[in-house]
Number of protein chains: 2
Amino acid sequence: MHYKHIISYVLNRFRLLLWGLVCLSGIVLAQPPRGPLVVSPQVNADKTVTFRYLAPAAKEVRLSAQFEKAPVPMTKGDQGIWSVTVGPVKPDIYPYSFQVDGVTVMDPANVAFFPNERFKASLVDVPGDTPLVHAMRNVPHGSVNYEYYPALEGTTGSLLVYTPPGYDQNPTKKYPVFYLISGTTDTEETFFKVGRTNLILDNLIAEGKTKPMIIIMPYGNIAARVVEQKGGTKPADPTVRDGADAVKRANDFATDLVSHVIPYVEKSYRTLNNRDNRAIGGFSRGGGQTLRTAFGNMDKFAWVCSYSSYLSPTEMDKSFPQIGSNADNTNKQLKLLWVSVGSDDFLYKGTVEFMDYLKARKVSYKSLITDGGHTWMNVKKYVAETTPLLFQ
Amino acid sequence: MHYKHIISYVLNRFRLLLWGLVCLSGIVLAQPPRGPLVVSPQVNADKTVTFRYLAPAAKEVRLSAQFEKAPVPMTKGDQGIWSVTVGPVKPDIYPYSFQVDGVTVMDPANVAFFPNERFKASLVDVPGDTPLVHAMRNVPHGSVNYEYYPALEGTTGSLLVYTPPGYDQNPTKKYPVFYLISGTTDTEETFFKVGRTNLILDNLIAEGKTKPMIIIMPYGNIAARVVEQKGGTKPADPTVRDGADAVKRANDFATDLVSHVIPYVEKSYRTLNNRDNRAIGGFSRGGGQTLRTAFGNMDKFAWVCSYSSYLSPTEMDKSFPQIGSNADNTNKQLKLLWVSVGSDDFLYKGTVEFMDYLKARKVSYKSLITDGGHTWMNVKKYVAETTPLLFQ
C-alpha cells in the first residue's frame, strides 16, 4: 500500500470508531458517514476560489464556471478529492458545475443552486471588499413567500412574493407592485435564488434609493404547468416550437398574469391597485412576455423593464402597431420603458434593433448596455439599476 | 451513417431552422437549443415510472431510487437518451438520482430536488388513486415564508415559516407554533421541499383534523453558519466529531432556538406565547436536538415529537435525570411525548432502548413503529400522524 492509502485507511477506521462514540453519546445522526467532508467552494481572502469534488474513480474532472471562458482541469489529490484554485475572481455570484468524465454535475457540497428546468448548476458568491448590492447585510430584511393561486384553466399556479421590511409592522400601509418574470427554463425561484432580488431590494431600501415595494415572481412556463396538472401531451421544447405556438404560449402567460395572478395578489396583499403603481419586468423570455403583456394591457402597467430581450420590428408592427404609431400617447402612458442588454449577449443585435425601432418612432425609453452576456450577473445589475426608478 | 444518425442529424438541422424562425417571430428565448427535450420522470397511469437521462457518451447509466433495493440499469436509445421504466411503484414521494459511469447526478429535467449539504438528489411524486396526505389538492393553501433573523453570535440566521390558510384574512387571530427541525446535512428547506409539510397541513386543516398552526423550520447546523459568517475554521464533518463537540453543537442549537428564533417569531407573527401553545419536533439529528431542547427547557414546550431519533439511557441519566426520576412531574408538564421509528431504520435499536427507558420510569409517551427505514417517506407519515394531536 502506498503511504497515502495507509493514512486514508487509518483515517477511515478512526472515522468509524468516532461514529460509534457519537452514537453512544446519545447524539443522533442522519446517516452513517459518507466519506470525507468536502469543503467546496472555498472563497479565499485574495478572491481566488478553491473548488473540490470527491470522485476517487474519475479519470478527468473539470470546472465549468461562468467566470472562465473554458473548462478548467482539476487535479486529483488525497482520498480521491479533485481540486483547483482559480482567480482572483471579480466579485459577483456565478453559476458553475463540474464535468466529471464528461458528465455535468452540481457541486454536492454546496447548497446554493440554480433552479432550472433543463440544467443543474451550483452558485459561488465572491464577496466584494465593500458589500455588493446583492450582499447579505445587517439591514432590515423583507421576506419571500411561496404562494399558490387559482390559475389558468383550473390549475393551481405557484409564485414567490417579496414583501419589503416593515410590511408586517405597518398593517395599514399599501404598496406598489413589481411583476418580475424569469427566462426560458428558469422557474419562479430563479429571481430569488440566483437573482437575490430580495437582498438587492433590502439593501436599496435601507439606503433610501428604492421605494418599498412588493415583488411578484411568477412561473413563466404556464403551458407546461397546465399539461402537468390537466394531462395531455407534454409541450414540446419551448426553444424549438414554431412562431405561432410560441405566441400562443406568450398570450396564455399574459392572460394568466392579468386574469389570475394580479387579482390573487391584490386580494392577498396590501397593494396599490392602479396602473401607476404596477410595474412589469423580465429577463430573456420573461422580457418578451413583459413587453407583450405590457403593450397588450396598457391600462394595467405604467412601468416596463425589458432585460436582455426584445420584440422584432415585424412583431411590433403586427401585434402592437399603436405603440410606435402613436408615440405621444405611448410616452404619456409609460412612465418608464427600460431596455438593457450585454454587449456579448447573443440577443444584443435584436435588442439594438428594438431600440432603433423605438427611437425612429420617437417612443421614449431608457437604455443600458453593459459588458458581458446573457447572464444572471447582468440581470442583478439591471434589477439594481431599474428598481430605484420605479414608482418615483 | 447509420439511419438513426441520419434522422438525428435531420432533426437537429430542423431544430436550428425552427430556432431561427422563433427568433424572427420576435419571441425571445434564454439560450440557443441545448439538445433534445428530455421528459423525466414520467409517471404513467399504471404507476410505473419512466426515467430518462441524456448522455450520448456514457458507457453505463443506472437509476438509484429509494423504492428500489439496488441500482437499476438503464438502456441507451435514440439521440443518446438512456431510459428505464420501473414499477408499479407504491404511491409516495421518493428521492432518486442517476449513476452515470459511477458519477451521481440529479435529474437535469426535473426541478423537484432534495435540499442537502452533502448529496444531490431529485424527487419523484407517484400520486395515489385517491390523493395522498401530501398531495396538492384544491383546498385553501397556507404560504411558506423565507425569513432572516438575528441569530447566535451576531450572525444572520434563516428559517422557513408556514402560515396556515386564512392567516392573512384574520388579522387578530393568534396561533400556536410548531418548531420542526430537519436532520443532519438537511437544510431549513427540507421539511418544505421533501417533507411537503405545508401541503400536509393544508389538507389536514381542510379536513378539520388538525388545528391551524404556524410551523417554524429552522436550520439545524448552526455551528457551520456561525463559521461561514464570522470566519474561523470550517467545522469538521458533524458526523465524525467526538461526543463533547456534538453536545456543544446541540446546545448551541438549543440556545439559538430559545434565545433568538422564538423571540423573533413571536415578535413577527401572531403567536400564542406560552408552553401549552408551543410544540417542538424533528427528524434524526433534528429529533435529538428536539429532545435536548425540550428536556432542557421544560418551561417552553408542552408538546414534543421525536421522529427516528433518541437520547441514550446514559445521556438521559447524565443530562436530563429529572425527566425519568420525577415521571409524575414530567407527565404533568408534557401534553405529548411522541417517539416513532421505522423497523428497518439504522436507529431502530437505539430508539427502542429510549422507549424502554421511558417505560421503565413510567414516563408517558405515544409511539409508532412503521415499516421502512430512515427515510422522508416515513417522516411525512409521522408529521401527518402527530400534527392532529398537537394543541388539542
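Residues numbered from 1 in each chain as written. Chains lettered and ligands numbered in written order. Predicted model: local features only at pLDDT ≥ 70, side-chain atom pairs only at ≥ 80, totals over all residues. Heavy atoms only, no water.

An unreviewed UniProt entry annotates chain A as Alpha/beta hydrolase-fold protein originating from Spirosoma liriopis.

A few words now on the sheet that holds strand β5 (residues 75-76) of chain A. Pairing within the open sheet is antiparallel, and its 4 strands lie in the order β1-β2-β6-β5 (chain A). The two strands at the open ends of the sheet, each matched to only one other strand, are β1 (42-43) and β5 of chain A. (Pairing = 2+ DSSP bridges. Helix = DSSP H or I, 4+ residues; strand = E, 2+ residues; numbered from the N terminus.)

Before going further, it helps to spend a moment on the nonpolar core. Formed by 74 residues in total, the largest nonpolar core has its most connected members in F178, Y307 and L390 of chain A together with F178, Y307 and L390 of chain B. Excluding residues that lie within four positions of it along the chain, Y307 of chain B makes contacts with F178, L180, G282, F283, S284, W338, S340, Y382, V383 and T386 of chain B. (Core = buried A, V, L, I, M, F, W, Y, C linked by side-chain atoms within 4.5 Å. Buried < 20%, exposed > 50% of the residue type's maximum accessible area, 1.4 Å probe, protein only. Contact = heavy atoms within 4.5 Å.)

The geometry of an aromatic ring pair comes down to the distance between the two centres and the angle between the two planes. Across all of its chains, the model carries 37 aromatic pairs over all chains by this definition. Ring centres of Y307 of chain A and Y382 of chain A lie 5.8 Å apart, and the angle between their planes is 35°; this geometry places the pair in the tilted category. One end of the pair, Y307 of chain A, is in strand β16 (residues 303-307); the other, Y382 of chain A, is in helix α11 (residues 376-386), with 75 residues separating them in the sequence. The two residues Y307 of chain A and Y382 of chain A agree in class, both being buried. Ring geometry for Y179 of chain B versus F301 of chain B: centroids 6.2 Å apart, planes at 80°, classification edge-to-face. With a gap of 122 residues between them, Y179 of chain B in strand β13 (residues 177-181) and F301 of chain B in the loop between α6 (285-296) and β16 (303-307) connect regions that are remote in the sequence. Residue Y179 of chain B is classed as buried on the basis of its relative accessible area, which comes to 0%. Of the aromatic side chains, those joined through ring pairs into one cluster are F51, Y53, F67, Y94, Y96 and F98 of chain A. Residue placement shows R270 of chain A over the ring face of Y167 of chain A; its charged tip is 4.1 Å from the ring centre. (Phe/Tyr/Trp six-rings, centres within 6.5 Å; stacked < 30°, edge-to-face > 60°. Lys NZ or Arg CZ within 6 Å of the ring centre and 35° of its normal.)

Residue and element names in this part refer to chain A. Mean pLDDT over chain A stands at 89; residues scoring 70 or higher make up 88%. Every residue in residues 1-33 is under pLDDT 50, and counting partners more than four places away or in other chains gives 60 contacts. Interface confidence for the predicted complex, given as ipTM, is 0.85, next to a pTM of 0.88. (pLDDT = per-residue confidence, 0-100.)

All names here are of chain B. For the pair helix α3 (residues 197-206) and helix α11 (residues 376-386), interaxial distance at closest approach is 10 Å and the crossing angle is 35°. Between α3 and α11 lies a crossing whose hand is right-handed. Between α3 and α11, the contacting residues are T197, I200, L201 and L204 on the first element and K380, V383 and A384 on the second. By residue class, the composition of the contact of α3 with α11 is 5 nonpolar, 1 polar and 1 charged. (Axes fitted to C-alpha atoms, helices over the stretch in contact; angles between N-to-C directions. Left-handed = near helix turned anticlockwise from the far one by under 90°. Nonpolar A, V, L, I, M, F, W, Y, C, P; charged D, E, K, R; others polar.)

Here the focus is the sheet that holds strand β6 (residues 81-86) of chain B. All names here are of chain B. Strand order in the open sheet formed by 4 strands is β1-β2-β6-β5, with antiparallel pairing between adjacent strands. The outermost strands of the open sheet, each flanked by one partner alone, are β1 (42-43) and β5 (75-76). Strand direction decides the pairing type here: strand β2 (residues 49-54) and β6, joined by 6 bridges, are antiparallel. Within the sheet, the bridge partner assigned to Y53 lies in β6 and is W82.

Let's shift gears to the pairing of strand β7 (residues 92-100) of chain A. All names here are of chain A. Within β7, 9 of the 9 residues are buried, which leaves the element mostly enclosed by the surrounding structure. Neither face of β7 is open: one carries D92, Y94, Y96, F98 and V100, the other I93, P95, S97 and Q99, and all of them are buried. When β7 meets strand β10 (residues 121-126), the two strands line up antiparallel, connected through 5 bridges. Pairing of I93 across the sheet is with D125, part of β10. Strand direction decides the pairing type here: β7 and strand β8 (residues 103-105), joined by 3 bridges, are antiparallel. Paired with F98 across the two strands is V105, which belongs to β8.

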